Amino acid sequence: MVVSCDDGIIVTGEHHERLVEALPVGVDGLEGALADCRSVTHLGTTVSATRELAFDLRTAIRLYERVPLGDDDVELTLDDATLLAWLHRRGGAVEVLAP
């Protein structure tokens, strides 16, 4: 999944693996934006994010930030649903560019 936000991009799953292996991600127009991505790992899951967004994500994890998900607040993890909820909560536009 590739998620574009007002302040950066997060790449998860197969797209993250392709980025780590320096293979084309397969989403037109994103290669330049992904060139400066940083990896963030938490609880065995790794994602790539633009530098500023990776910093914010690491800070939120370090501060044990919780995320409203459904009827509950859950610990911030890097699974897709929780990560998307965290991005939406930060405000600004969030767009999923690839499944």
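Just above, that's the structure.
What counts and how
- Sequence order as written defines the numbering, with residues in each chain counted from 1.
- Per-residue local features of the predicted model are confined to residues with pLDDT of at least 70, and side-chain atom pairs are confined, for both listing and counting, to 80 or more; whole-chain, interface and lining totals are unaffected and use all residues.
- Computation of side-chain values: all heavy atoms of the structure, hydrogens and water removed.
- Secondary structure elements are defined from DSSP: runs of H or I of at least 4 residues count as helices, runs of E of at least 2 residues count as strands, and each element is numbered from the N terminus.
- Strands are treated as partners if at least two bridges between them are detected by DSSP.
- Residues belong to a common nonpolar core when they are buried Ala, Val, Leu, Ile, Met, Phe, Trp, Tyr or Cys residues joined through side-chain atoms within 4.5 Å.
- Summary of the burial criterion: residues with accessible area below 20% of their type's maximum are buried, those above 50% are exposed, and those between are partly exposed, where the area comes from a 1.4 Å probe applied to protein chains only.
- A contact between two residues is defined here by any heavy atoms of the two lying within 4.5 Å.

Colleague: I'd like to hear about the environment of Ala60, residue by residue, with values.
Modeller: Within the element layout of this structure, Ala60 appears in helix α3 (residues 51–62). Measuring from C-alpha to C-alpha, the distance between Ala60 and Ala85 comes to 13 Å, with 25 residues separating the pair along the chain.

Colleague: Residue-level account of the environment of Val20, with values.
Modeller: Summarising the element assignment, Val20 is placed in helix α1 (residues 13–20). Taking the C-alpha atoms as reference points, Val20 and Ser48, separated by 28 residues in sequence, lie 8.5 Å from one another.

Colleague: Give me the pairing of strand β5 (residues 66–69): which residues, what numbers.
Modeller: Note: β5 against strand β6 (residues 72–75), four bridges, orientation antiparallel. The residue of β6 that forms the bridge with Leu69 is Asp72.

Colleague: Tell me about the nonpolar core, and please be specific about residues and values.
Modeller: Formed by 20 residues in total, the largest nonpolar core has its most connected members in Ile10, Leu57, Trp86 and Leu87. Looking at this core, the elements that each hand over two or more residues are β1 (2–5), β4 (45–49), α3 and α4 (80–89). Sequence-distant contacts of Leu57, defined by excluding residues within four places in its chain, comprise Ile10, Val40, Val47, Leu76, Leu78, Leu83 and Trp86. Counting nine residues, the second largest nonpolar core, distinct from the first, contains Ile9, Val27, Leu30 and Leu34.

That's the geometry; what it means functionally is another story.
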